[in-house]
Amino acid sequence: MKTLYLLRHAKSSWDKPELRDFDRPLNTSGFRDAAIMATRLESVLLEKGEQLGVILSSPALRTRTTAEIIAARLNMVPEQLQLEPQIYMASSGRLMQLIRRFDDSIGAALLVAHNPALTDFANEMSNSSLENIPTCGLVALQLPIMHWAEVQFGDARLLTEDFPSESEAIAERLQQS
């Protein structure tokens, strides 16, 4: 069995509209949400007794920064964070091709990418009907495979979905009680 975690990049800044889409940085809430989700991913991994073997990320600034925050929280070495230009503007089919190239020694991996491809990919992998993976949303998929090259659309089981807005809603309810 393999586990594939999918994370959409955190919220980006629109303060400088002249920037290319590729070069947009995270905004303040993006940095906060990335830190929150890094902590929550760390908890999930500890609970499952897993370690990420690799983070594969789009090199777009907002995506790369999100991945770097996750990698730092998980104390990953620099070689475990790989930037893949093909992720930017990828289709779900292209994401599948990239996942199939993971080394089989990796039991759990994280893909940090963009919508709409990420939501499409999650749905096609697990026959789910997620409407939208929001910014910094995390989805975990269990794959019934021994070799990454064997992964097929429709074979994954959706384990969990976790979004930063859920922590905000929980915090608001706690403040009100």
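Basis of the calculations
- Residues numbered from 1 in each chain as written.
- Predicted model: local features only at pLDDT ≥ 70, side-chain atom pairs only at ≥ 80, totals over all residues.
- Heavy atoms only, no water.
- Core = buried A, V, L, I, M, F, W, Y, C linked by side-chain atoms within 4.5 Å.
- Buried < 20%, exposed > 50% of the residue type's maximum accessible area, 1.4 Å probe, protein only.
- Helix = DSSP H or I, 4+ residues; strand = E, 2+ residues; numbered from the N terminus.
- Contact = heavy atoms within 4.5 Å.
- Pairing = 2+ DSSP bridges.
- Axes fitted to C-alpha atoms, helices over the stretch in contact; angles between N-to-C directions.

Caption draft 1: How the structure looks around the nonpolar core. Leu4, Leu6, Leu111, Phe121 and Trp148 are the most contacted members of the largest nonpolar core, which has 30 residues in total. Of all the secondary-structure elements, those providing two or more residues to this core are strand E1 (2-8), strand E2 (54-57), helix H3 (92-99), strand E4 (108-113), helix H4 (117-126) and strand E5 (138-143). If one sorts the elements of this core by residue count, H4 sits on top with five residues. Those residues within four positions of Leu111 in sequence are excluded, and the remaining contacts are Tyr5, Leu6, Leu7, Leu56, Ile87, Leu95, Ile99, Leu118 and Phe121. The next biggest cluster of nonpolar side chains, apart from the first, holds 24 residues, and it includes Tyr5, Ala38, Leu52 and Ala140.

Caption draft 2: Local environment of the sheet that holds E2. Pairing is mixed in the open sheet, where six strands are placed in the order E3-E2-E4-E1-E5-E6. At either end of the open sheet lies a strand with only one pairing partner, and these are strand E3 (81-83) and strand E6 (157-162). Strand after strand, the sheet turns through a mean of 20° between neighbouring axes, direction not considered. Relative to E5, E1 is paired through six bridges, and the arrangement is antiparallel. If you follow Leu7 over to E5, its bridge partner there is Leu138.

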